[in-house]
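# Chain and residue survey
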Amino acid sequence: MDNTCTAATTTPPEACEATTPSTSASTSTTAFADHMTAAEFDEAFTAVMPRLRRRLLALTGNPHDADDLLQETYLRLSRRARASTLTRQQQPYAYTCAAALNLQRDLWRHPSRQERCTDRLPERGWDGGFAGREAEAVTAALLRGLSPKEAAAVILVDIEGLTHDMAGERLGAHRGTVQRNRMRGLAKIRAALAA
C-alpha cells in the first residue's frame, strides 16, 4: 500500500494516510467474513452428523468408538469455530469426514492414546479421609451395641482377619465360644442396619 502511494506522484501524502486504515479495515472484515461463527458451525455439523456417524461406524466397526470419534471431531472443529479460525467450507461433510479420519489415524499411530483393558482396579481418589472417618464412626456405633465378648469376637475375626482358633487363644476362650459370640454379634449388627 505504501509503495503505491510513493510511486504515484499526483497523490498527496494526506490521501495515502486516509486510505490506509479503511483498506486494512475492509481486509480484516473480509477475513472475518470467510470464517464460520460457532452457531453456523453447530448448524452445519448437526446437518452432516447422521451421515458422518454412519461413515465412522463403518470405519471403526463399533458404535461406541464411532460415537467417541464423532465427539472428538466435533470438539476439535468447534474449538476452531469459537476461535474464529475455521473457514467456511463448500463441502462440510467432506471436511468433517477428513478431520475425523485424521483423528482416527492419530489414534492408530499413537497406541498410547487408546484405552487398554486391565484386570486391576484404578486407584481410589482421596477424599481427605472423610470416607474412612465416616466408616470408623459407623463401625464404632455398631460395636457399642454389642456385649464386650461379642464385640471382641467380631473385631478379631472380621476386622483384624484372625481365625476362630487364633481369636480364641487371644481371648482365652474356646474356638466354639468365639464363633458363637461372633455369630450373635453379627446378627445384632444386621438387625441394627436393617432398622
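Presented here is a report on the structure given in the accompanying data block. None of these values were measured; they are calculated from a predicted model. Once a new chain begins, its residue numbering starts again from 1 and follows that chain's sequence as written. Local features are withheld for residues below a pLDDT of 70 in this predicted model, meaning they are given only at 70 or higher, and side-chain atom pairs are given and counted only at 80 or more; totals for whole chains, interfaces and linings count all residues. Each side-chain value is derived from all of the structure's non-hydrogen atoms; neither hydrogens nor water enter the calculation.

## A closer look at the overall build of the protein
Counting from the N terminus, the helices are the DSSP runs of H or I reaching at least four residues and the strands are the DSSP runs of E reaching at least two. Along the backbone of the protein there are 9 helices and 0 strands. Sequence-ordered secondary structure for the protein, helices as α and strands as β, is α-α-α-α-α-α-α-α-α. Burial here depends on accessible area, computed with a 1.4 Å probe over protein chains only, as a share of the maximum for the residue type. Under 20% is buried, over 50% is exposed, and the range in between is partly exposed. In the protein, buried positions account for 22% of the 195 residues. Whether two residues are in contact is decided by their heavy atoms, any of which lying within 4.5 Å being enough. Counting only contacts in the protein whose residues sit at least 6 apart along the sequence, the fraction spanning at least 24 positions is 56%. In the form shown here, the protein has an accessible surface area of approximately 14,200 Å², with 56% of it arising from carbon and sulfur atoms. Every accessible area reported is derived by Shrake-Rupley at a probe size of 1.4 Å, with residue values counting cover from the shown protein chains alone.

## Here's the deal with the pattern of salt bridges
Salt bridge, as used here: a side-chain nitrogen of Lys or Arg that lies within 4 Å of a carboxyl oxygen of Asp or Glu. This structure, assessed with the given rule, holds 8 salt bridges. With a closest N to O distance of 2.9 Å, Arg 88 and Glu 40 form a salt bridge. With a gap of 48 residues between them, Arg 88 in the loop between helix H4 (63–82) and helix H5 (92–109) and Glu 40 in helix H3 (residues 38–60) connect regions that are remote in the sequence. Exposure remark for Arg 88: the relative accessible area of 39% places this residue in the partly exposed category. Relative accessible area serves as the criterion here: at 31%, Glu 40 is assigned to the partly exposed category.

## Regarding H3
Given the number of residues in a helix, its expected span is that number minus one, multiplied by 1.5 Å. The end-to-end C-alpha distance of H3 is 28 Å, clearly below the 33 Å that 23 residues give at a rise of 1.5 Å each. Two axes enter the bend calculation: one fitted to the seven residues ending at the residue in question, the other to the seven starting there, and the bend is the angle between them. Residue Met 49 marks the point of greatest curvature in H3, where the axis turns by about 50°; the proline Pro 50 follows within four residues. Within the span of H3, buried status applies to Phe 41, Phe 45, Val 48, Leu 52 and Leu 56. The elements touched by buried residues of H3 are H4 and H5. Taken from the residues just after H3, Gly 61 is the one with a positive phi, measuring 80°.

## Here's the deal with unusual backbone geometry
Even without being a glycine, Ser 84 presents a positive backbone phi close to 60°. Mapped onto the fold, Ser 84 is located in the loop between H4 and H5. Ser 84 gets classed as partly exposed once you look at its relative accessible area, which sits at 32%.

## A look at the nonpolar core
One finds Phe 41, Leu 52, Leu 56 and Leu 86 to be the most contacted residues of the largest nonpolar core, which totals 17 residues. Elements supplying a minimum of two residues to this core: H3, H4 and H5. If near-sequence neighbours (up to four positions away) are discounted, Leu 56 is found in contact with Gly 61, Ala 66, Leu 69, Leu 70 and Ala 100. Take the buried Ala, Val, Leu, Ile, Met, Phe, Trp, Tyr and Cys residues and link them wherever side-chain atoms come within 4.5 Å; each set so joined is a nonpolar core.

## Here we look at the packing of H4 against H5
To get an axis, fit a line to the C-alpha atoms, keeping to the stretch in contact for a helix; angles then go from 0 to 180 degrees between the N-to-C directions. Two elements in contact, H4 and H5, have axes separated by 9 Å at closest approach and are oriented at 115°. With respect to the hand of their crossing, H4 and H5 are arranged in right-handed fashion. From H4, Leu 69, Glu 72, Thr 73, Arg 76, Leu 77 and Arg 80 reach across to H5, where they touch Tyr 95, Thr 96, Ala 99, Ala 100, Leu 103, Gln 104 and Asp 106. Gly falls in the polar group here, along with every residue not listed as nonpolar (Ala, Val, Leu, Ile, Met, Phe, Trp, Tyr, Cys, Pro) or charged (Asp, Glu, Lys, Arg). When grouped by side-chain class, the residues that make up the contact of H4 with H5 number 6 nonpolar, 3 polar and 4 charged. Each crossing is labelled by how the near helix is turned from the far one, with a counterclockwise turn of less than a right angle marking it left-handed and a clockwise turn marking it right-handed.

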